[in-house]
Amino acid sequence: YSSVRHARSDVTELLVHVDGGGTRHTPKGVLPATRSVAITTVAKDEPRAFHKFVCGKVGPGADSSLYLGAEDSTSMTAEVTAQIMAAVLILGDDSLPGHLPISVVYDNDAAADFARAVAETDRHLMLNAVLASVWQIVSMRRPVQWCHVYSYIGHPFNEIADSLVAFSAYNE
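Residues numbered from 1 in each chain as written. Predicted model: local features only at pLDDT ≥ 70, side-chain atom pairs only at ≥ 80, totals over all residues. Heavy atoms only, no water.

Side note on the sheet that holds strand β6 (residues 102–106)
Threshold: When DSSP finds at least two bridges between two strands, those strands are taken to pair. Numbering of helices and strands starts at the N terminus; helices are DSSP runs of H or I of at least 4 residues and strands are runs of E of at least 2. Angular values range over 0 to 180 degrees, each being the angle between N-to-C directions of two axes fitted as lines to C-alpha atoms, with helices fitted over their stretch in contact. Any pair of residues with heavy atoms lying within 4.5 Å of one another is described as a contacting pair.
Strand order in the open sheet formed by five strands is β5-β4-β1-β6-β7, with mixed pairing between adjacent strands. Unpaired on one side and paired on the other, β5 (49–57) and β7 (144–148) mark the two borders of the sheet. Between one strand axis and the next, the sheet turns through 20 degrees on average, direction left out of account. For strand β4 (residues 34–43) and β5, the ladder comprises eight bridges, and the chain directions are antiparallel. Bridge pairing links alanine 38 to phenylalanine 53 in β5. Each of β1 (11–21), β4, β5, β6 and β7 is contacted by helix α1 (residues 75–92), which is oriented at about 150 degrees to β1, the strand it contacts most.

Take a look at the structure:
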């Protein structure tokens, strides 16, 4: 992995790693639901490099300043919120090469299905409407590829996204 960002003109591949974690009960108390997004780039003959990452809490309930439509703090709402944040990061980052497809790497099939608008749910209607809408906008601007990885099998970038989720929960 490289600690140096690739030059925009050298980037050959864009990957967005998303993850979320629900509320956790620990001996020290209840930890909040959290989400993470890590964008990595690949350039010809260079190691993969971090472009950007964000992590943070999920804000359930309309009274939360972090509210995006989640009505509770489950793992699913955290995964869906991570998908929304990924789309928002992509849309707001002019330094990403516009001609390249984005590969979204995820470990939760249902959240990805909601993002692609190939599945619906009767829970969290606003959250899922926001999710499908932002990914529709992203896909109108660039090709999007969806890549599933299994959780907890050692996929390095899924483990990084998972670690960012844990970091957010433990660091308020």
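What to know about the nonpolar core
Keep this limit in mind: Among buried residues, the Ala, Val, Leu, Ile, Met, Phe, Trp, Tyr and Cys ones that are joined through side-chain atoms within 4.5 Å form a nonpolar core. Note on classification: 1.4 Å probe, protein chains only; a residue is buried when its accessible area is under 20% of the maximum for its type, exposed when over 50%, partly exposed between these limits.
Of all hydrophobic cores here, the largest spans 27 residues; its most connected members are Val16, Val18, Val37, Val80, Leu131 and Trp135. Elements with a contribution of two residues or more to this core: β1, β4, α1, β6, α2 (109–115) and α3 (125–141). Top element by residues in this core is α1. It accounts for seven residues. Excluding residues that lie within four positions of it along the chain, tryptophan 135 makes contacts with Gln83, Ala86, Ala87, Ile90, Val104, Ala115, Val144 and Trp146.

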